[in-house]
Amino acid sequence: MAQREHDVIIIGGGVNGTGIARDCALRGLRPLLIEKHDFAKGASGANTGMIHGGIRYLRYDVKTTKLSCTDSGYIQRIAPHLLFRIPFLFPVLEDDAWGALLLEGAEIFFESYDVYQPLKRGKPHTRLSKKDVLDLEPGVSEKVIGAVTMDEWGIDPFRLTVSNALDAVGHGGAVRTYCDVEAFIRDGDRIVGVRFTDRLTGREETHHAPLVINATGAWGPRIAALAGVHYRLRPGKGIHIVYSHRISNYGVVMIGVDGRQMFMMPHENGTIIGTTDDDYYGDLDNPKATEDEVKYLLQAARRVFPSIDDYRMSRTYVGIRPTVWAWSRNEDLLSREHEFYDHKNQGADGLISVAGGKLAAYRQLSEEVTDIIAQRLGNTQPCRTHTEPLPGAEEAFDVAQYADDLSVPRLSVARMAYRHGCTAKDILQQVEADPRCGTHVCLCEPVTEAEVRYTCQKEHVRRLVDVRRRTRVSMGACGGTRCLHRAAQELAAEAQLEPVEQLLELRDAMCARFVGKRPVLEGANLATEELNQAMHFLTGNLRGYFKAAELMSGRYALTSAKSPAADAPDGDGEHKDPESLTAGPKPPQDRVQVPSLMPEPR
């Protein structure tokens, strides 16, 4: 090739894309990763947040269960600071079909799962009596007749994805976020590069490589269409409800009215209920939870945990699974395995698309894709992603020592160490140099000023919502009410933003929080949000400032080049013209005006 700046270009900054980039870089290759939003903006950051063993798939997809358990063990080895154990209860109620027989069957089923438990350092199951269950978790329904236990591993999917990207860069790779791929560069029937536009600066760039990997999840068929090729997915929508505090220290398995298995589980500082699984045909860039979906999850939770209505929901989040295509199968029974599509026979040699996969098996998928890349490029270096620690996992970190030496609250240091591992030492050096950096930007999590600054400096932050994914700022009980203003100031200082841009970043982060809150605005939630908006738009007059910033910036919204609807499973198997695949409704705005509950200020 006349031009070859990179060995491989990877499109998609989810956990699969960053995992592939890391594996390539560790083998001495030069990857470039391109992402249209931020890392883990799609399904990688909107899952249940578990590196679990896939017990649900044991009924119909044993291979995925074994793969998930194996990779869970590897991920625990390379990122121990990010993992936390979640003990689960599988309760059986009096009015469950088959009653006591179901409990016997559940124990047999969990005995089968125990075969794979050692792969992920899981504990074998235990059978519990009614008294045992209610002693452990009094909130479970009095109708329980017994339960079976299991345990899984939780993780922060945002930190896992960012850590893979950082390690890829640390070993010679390059990453570009907020960049839209506009076209592929061809040399006859070969794909030899891509052209993309930076969405924040408007700058257009062209980069070359002998291989391009399409790891864009549910967006994959649309990216492939830019090269005139195709493959099919069956995108599935999953929503979760988030509570900003712990309801129980145990996860509880729930069964929906349609028989779907779901969870209510503790996760970091809060509780998550999820998830749904429905074919999705809507806007991929702006999926939203509905009130019906929230009621569906609450119905399942209420049956096994009757007091759930006593707790206040905080928000929702939504992800679109890039599920492998199948016709005439219920969404819940679709395979979670991954597949690769080489588009050489379609006239696009050098382009490979990745479909399917799940968070718990991302490392295995990345290894398989990188094996293909290495073979094509003549690279013989072995995979090391299962043994090489991710950034922060190189050594142990003594939380108590640093908290005492620097007079920083131990909880703040512990949460920092969870997110960053031993790299937290670099953050705390700022506190040592200037104790004022130890003050809290976010009290709910908590997050210090030093951590926000470090994230902006070292972790490819370009927008305020990126800070949220790196640090959990605004993910706590206040929903950003008390912390987003301060975080916006820190971002503006580090990124040297103009006041207008700082205001727009604050507005967008507040809007993103509102989108998640909207499906659960009822009762105390509604009153809380009214108070929140009164503080911002009346007392603080932010609406006036936001409108002034929009006028001064000369733009109301930062639009995406493409905002596709999900591919509909039509069942005909025919390839449509690329133009028709990329055509669609008018692209929605990336910056969204959220309707206020309060009147316009005078």
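The coordinates are above.
Here goes a summary of the coordinates provided. All values derive from a computational prediction rather than experimental measurement. Residue numbers run consecutively from 1 along every chain, following the written order of its sequence. With pLDDT at 70 or above as the cut-off, local features in this predicted model cover only qualifying residues; side-chain atom pairs require 80 or more to be listed or tallied, and sums for whole chains, interfaces and linings still use all residues. Side-chain metrics in this entry use all non-hydrogen atoms of the structure; hydrogen atoms and water are not considered.

1. A look at the packing of aromatic side chains
Aromatic rings from Phe, Tyr and Trp, taking only the six-membered ring of Trp, are treated as a pair when their centres fall within 6.5 Å; an angle between ring planes under 30 degrees marks them as stacked, one over 60 as edge-to-face, and anything in between as tilted. As enumerated under the stated definition, the model contains eight aromatic pairs in all. Ring-pair connections join several aromatic residues into one group, and the members of that group are Phe90, Phe109 and Phe110. Counted as over-ring charges are cases with an Arg CZ or a Lys NZ within 6 Å of the ring centre that also lie within 35 degrees of the ring normal. One Lys or Arg, Arg232, reaches over the ring of Trp325 and ends 4.0 Å from the middle of that ring. One residue, Arg543, lies across the ring of Phe537, its end atom 5.3 Å from the ring centre.

2. Side note on unusual backbone geometry
The step from Gly274 to Thr275 runs through a cis peptide bond, and the omega angle for that step is 0°. Counting from the N terminus, the helices are DSSP H or I runs at least four residues long and the strands are E runs at least two residues long. Relative to the helices and strands, Thr275 is located in the loop between β14 (270-274) and β15 (278-279). A cis amide bond links Glu445 with the next residue in sequence, Pro446, at an omega value of -5°. Here Pro446 is to be found in the loop between β19 (440-442) and β20 (447-448). The backbone of Trp98 shows a phi angle near 75°, a positive value even though the residue is not glycine. As for its position among the elements, Trp98 is in the loop between β3 (84-93) and α3 (100-114). Its identity as a non-glycine residue notwithstanding, Asn541 has a phi of 50°, on the positive side. One can find Asn541 in the loop between α16 (524-539) and α17 (542-553).

3. Quick notes on the nonpolar core
Counting 33 residues, the largest nonpolar core has Phe88, Met150, Ile155 and Leu160 as its most contacted members. Residue assignment for this core shows that the elements contributing at least two residues are α2 (62-78), β3, α3, β5 (144-154) and β13 (261-267). Looking at this core element by element, the count peaks at five residues for β3. Where each domain begins and ends follows an automated or database-derived domain assignment. Each of domain 1 (8-43 + 158-232 + 336-377) and domain 2 (84-155 + 234-329) accounts for three or more of the residues forming this core. Residues grouped as a nonpolar core are buried Ala, Val, Leu, Ile, Met, Phe, Trp, Tyr and Cys residues, joined through side-chain atoms within 4.5 Å. We call a residue buried when its accessible area falls under 20% of the maximum for its residue type, exposed when it is over 50%, and partly exposed in between, using a 1.4 Å probe and counting protein chains only.

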